[in-house]
Each structure stands twice: as structure tokens, then as C-alpha cells.
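Letter by letter, the chains look like this.
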Amino acid sequence: MIILVTGAGGPTGEAVSGYFRKHGHTVIDVGRQDVDLLDRAAVQDLAGRVEREHGRVDGVVHLVGGWRGSGSFAETSLDDWDLLHDLLIRTLQHVSLAFEPLLRRSEDGRFVIVSAKAAQAPSAGGAAYAAAKAAAEAWTLSLADALKGTGGAATILVVKALVNDAMREASPEARFSGFTDVNELAAVIGGLFDRPAAEINGTRLDLTS
Ligand SMILES: NC(=O)c1ccc[n+]([C@@H]2O[C@H](COP(=O)([O-])OP(=O)(O)OC[C@H]3O[C@@H](n4cnc5c(N)ncnc54)[C@H](OP(=O)(O)O)[C@@H]3O)[C@@H](O)[C@H]2O)c1
């Protein structure tokens, strides 16, 4: 399969890209040094290159993240909202708009975002983050509606937080209770290709339960 991983620069990207490479797939990693996902024309160019080289894309895993919060609701910074809007919503818009036509060319394309429990249960100081994740979820559900009946699926994975080996090494005493390991996340994403599209399209899969 041809798998595009956007926001691939960090440990989560490494785990997801590594998983698909290990299983023999072609992975196109997109980190900030490759393409600025806030630059719509650059993302569109990337889609054009993938189309010319491969003709389709079988999986898009969008991993750009970021978090900001405040001590109370009243202290919420709208600068934080602007930042989170760019990171969590605008990059998703650029990637999904550019790659939806290529996903349709796959027999069973999969589009995946990783959302947070906070989107459904916002805390007082987490308004900007929760609202941005909720918007990203709604955007992804709209993509799911677009893919209905094509064999493709867009799916939201919900975590409390992610953990990787570097975090465990930095805090050996921490329990990371309720966190999802990035390798487990990668395996869940891989498993989406084994499930019928109709079963997972437009769904929120809660990895914390
Ligand atoms: N970490 C958590 O606990 C947690 C909790 C809930 C949900 N999630 C979600 O899970 C996913 C992965 O999380 P994560 O913590 O691994 O994400 P992350 O490290 O915050 O972001 C992933 C990568 O996105 C890149 N990126 C940011 N802006 C970009 C741009 N304009 N163009 C290209 N790349 C850009 C970053 O590159 P730079 O390093 O160069 O900035 C970073 O390497 C995200 O969608 C996140 O919202 C994570």
C-alpha cells in the first residue's frame, strides 16, 4: 500500500511509519522540513507528486498535534486558539482536501486522525484545545460522509494521551495511566485496513476503554 503520514517528524510518526514499512508498504513521511502543511499550495503540490508517482494513496494518517491550556476558563488565551486552529484544524483541512481524490482511487482507502478525550469532556482551562479537536473531528466526519460507498473510510481514534519510549526513559517512575503507547496506536491504525470500511467509516474508536 501507499501510506502518507503527515506530521511524521516526532516519535508518534516514527512508530506509525515504522509499522507500515515493517509490513512492506511504501511510506511517504511528511515532516515540517519536507512540507509546511500550513502552505496549501505546497500540500497540493505534494498530492500532485504522489499522484504522478503512485496514482493513488491507500492511507493518510494525519498526526500533527499540539496542546495549549490555561489555569481557568477566564484566562483562556485566544492566541492559543489561533495556534491550535492552525495546528489541529488548518493542517487537517489542507491534507484532507488535497488527498481525498487520491484516497478515492484506492480500493479501500483509510484516513485517520488522533483526537483526544478532551473534545467530548472539555475542562475549564482547555476550551481552545477541546474546541479545536472537536472541530477536527467534525471535519473528519464530513470527509467520512464523502467517502461513504467508495470502499474508503475516515476514522477518529480517541486517546487520553500518548506515550513513547523516550517519555518512559525520561520519567521512569511515572505510570502514564490511561496513556496509549505509540506502537499500540500504530497497530490499531494498521488494523483499520483489515476491517470493512462500512464498520469504521465515520466512527470514533476510543482506545482508552
Ligand atoms: N501527545 C498526546 O498526548 C496526544 C493526546 C491526544 C491526541 N494526540 C494527537 O495525536 C497526534 C500525534 O500526537 P503527537 O504528540 O505525536 O504530535 P506532535 O508531536 O505535537 O506533532 C507531530 C508533528 O507534527 C509536525 N508539524 C507541526 N506543524 C507542522 C506543519 N505546519 N507542517 C508539517 N509538520 C508539522 C511537528 O513537527 P515539528 O516537531 O517540526 O513542530 C511534529 O513533529 C496529534 O494529532 C495529536 O493531536 C496526541
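Preceding this section is the structure that the text describes.
Figured I'd write up the structure that's included with this text. For clarity, every value in this text was computed on a predicted model and none was experimentally measured.

A word on the overall build of the chain. When its secondary structure is counted, the chain shows 7 helices and 8 strands. The C-alpha radius of gyration of the chain comes to 17 Å, within 12% of the 17 Å expected for a compact globule of 209 residues. Projected onto its principal axes, the C-alpha positions of the chain cover 50 × 35 × 35 Å. Counting only residues that meet the buried cut, the chain has 46% of its 209 residues in that class. Sequence-distant contacts in the chain: of pairs separated by 6 or more residues, those separated by 24 or more amount to 71%. About 9900 Å² of surface is accessible on the chain, with carbon and sulfur atoms providing 50% of the total. The chain carries 20 positive and 27 negative side-chain charges, and their two centres are separated by 3 Å.

Attention shifts here to the packing of aromatic side chains. A full pass over the atoms with the stated rule returns 3 aromatic pairs. Measuring from centroid to centroid gives 5.3 Å for Phe176 and Phe179, while their planes differ by 65 degrees, and the two rings are edge-to-face. Note on Phe179: relative accessible area 29%, which makes it partly exposed. Through a chain of ring-to-ring contacts, the aromatic side chains of Tyr19, Phe20 and Phe193 assemble into a single cluster. Above the ring of Phe193, the side-chain terminus of Arg110 is found at 6.0 Å from the ring centroid.

Contacts to the ligand come from 23 residues, most closely from Thr12, Arg32, Asp36, Val64 and Lys133. For the ligand, an oxygen atom lies 2.5 Å from a polar atom in the side chain of Thr12. Within the side chain of Lys133, an N or O atom sits 2.7 Å from an oxygen atom of the ligand. Contact with the protein chains covers 77% of the free accessible surface of the ligand, which is 890 Å². Of all elements in the fold, only α3 (78-104), β4 (110-116) and α4 (127-147) reach the threshold of two or more residues within the shell around the ligand. Examining the composition of the shell around the ligand, we find that 3 residues originate from one element, β4, more than from any other. Here the residues of the shell around the ligand are counted per class, giving 13 nonpolar, 7 polar and 3 charged.

It is worth spelling out the sheet that holds β4 at this point. The strand order β2-β1-β3-β4-β5-β8 describes an open sheet built from 6 strands, whose pairing is parallel. Since the sheet does not close on itself, it has two edges, and those belong to β2 (26-30) and β8 (203-206), each with one partner. Strand after strand, the sheet turns through a mean of 20 degrees between neighbouring axes, direction not considered. The strands touched by helix α2 (residues 40-54) within the sheet are β1 (2-6) and β2, with β2 carrying the most contacts at an inclination of about 165 degrees. The strands touched by α3 are β1, β3 (59-62) and β4; relative to β3, the strand with the most contacts, the crossing angle is about 175 degrees.

Time to look at the environment of Ala136. Along the chain, Ala136 turns up in helix α4. According to the relative accessible area criterion, Ala136 is buried, its value standing at 2%. In contact with Ala136, other than residues within four places in its own chain, are Leu88, Leu92 and Ile113.

Quick look at the packing of helix α1 (residues 11-22) against helix α6 (residues 182-191) now. Taken N-terminus to C-terminus, the directions of α1 and α6 make an angle of 45 degrees; their axes are 9 Å apart at the nearest point. Taken together, the axis directions place α1 and α6 in an arrangement best described as oblique. The way α1 lies across α6 gives a crossing that is right-handed. Here Pro11, Thr12, Ala15, Val16, Tyr19 and Phe20 of α1 lie close against α6, whose contacting residues are Val182, Asn183, Leu185, Ala186, Ala187, Ile189 and Gly190. Per-class residue counts for the contact of α1 with α6 are 10 nonpolar, 3 polar and no charged.

On to the pairing of β1, then. Counting buried residues in β1 gives 5 out of 5 residues, a clear majority hidden from the surface. Here 5 bridges tie β1 to β2, and the two strands are oriented parallel to one another. Within the sheet, the bridge partner assigned to Val5 lies in β2 and is Asp29. Bridge count for β1 against β3 is 4 bridges, and the pairing is parallel.

What counts as what
For every chain, the first residue of the written sequence is number 1, and numbering continues from 1 onward in sequence order. It should be noted that, the model being predicted, local features are given only for residues of pLDDT at least 70 and side-chain atom pairs only at 80 or more, the latter also being counted only at that level, while totals for whole chains, interfaces and linings use all residues. Working from all heavy atoms in the structure, the side-chain values ignore hydrogens and water. A run of DSSP states H or I qualifies as a helix once it reaches four residues; a run of E qualifies as a strand once it reaches two. Both are numbered from the N-terminal end. It is over C-alpha atoms that the radius of gyration is taken, and the globule rule equals 2.2 Å times the number of residues to the power 0.38. For every residue, the accessible area obtained with a 1.4 Å probe (protein chains only) is divided by the maximum for its type, and the residue is called buried under 20%, exposed over 50%, and partly exposed between those limits. Contact criterion: two residues are considered in contact whenever any of their non-hydrogen atoms come within 4.5 Å of each other. The Shrake-Rupley method, run with a 1.4 Å probe sphere, supplies the accessible areas, and residue values consider only the shown protein chains as cover. Positive charge is attributed to Lys and Arg, negative charge to Asp and Glu, and no charge count is given to His or to the chain ends. Charged side chains are reduced to one point each, which is NZ for Lys, CZ for Arg, CG for Asp and CD for Glu. Classification of ring pairs uses Phe, Tyr and Trp, with its six-membered ring standing for Trp, and accepts pairs whose centres are within 6.5 Å; under 30 degrees between planes counts as stacked, over 60 as edge-to-face, and the remaining range as tilted. Should the NZ of a Lys or the CZ of an Arg lie within 6 Å of a ring centre and within 35 degrees of the ring normal, that charge is described as sitting over the ring. Working definition: residue near molecule or strand if any one of its non-hydrogen atoms lies within 4 Å of it. We define a polar contact as two N or O atoms separated by no more than 3.5 Å, with the added condition that, inside protein, one atom must be a possible hydrogen donor and the other a possible acceptor, whereas residues neighbouring each other in sequence contribute only through side-chain atom pairs. Put simply, Ala, Val, Leu, Ile, Met, Phe, Trp, Tyr, Cys and Pro go in the nonpolar bin, Asp, Glu, Lys and Arg in the charged bin, and everything else, Gly too, in the polar bin. Between any two strands, pairing holds if DSSP finds at least two bridges. Lines are fitted to the C-alpha atoms to define the axes, a helix being fitted only along its stretch in contact, and any angle between axes, read from their N-to-C directions, falls within 0 to 180 degrees. An angle below 35 degrees is read as roughly parallel, one above 145 as roughly antiparallel, one from 65 to 115 as roughly perpendicular, and any other as oblique. By the definition used in this description, the sense in which the near helix is turned from the far one sets the handedness, with an anticlockwise turn below a right angle giving left-handed and a clockwise turn giving right-handed.

Honestly, that's just the spatial picture; any functional story needs more than this.
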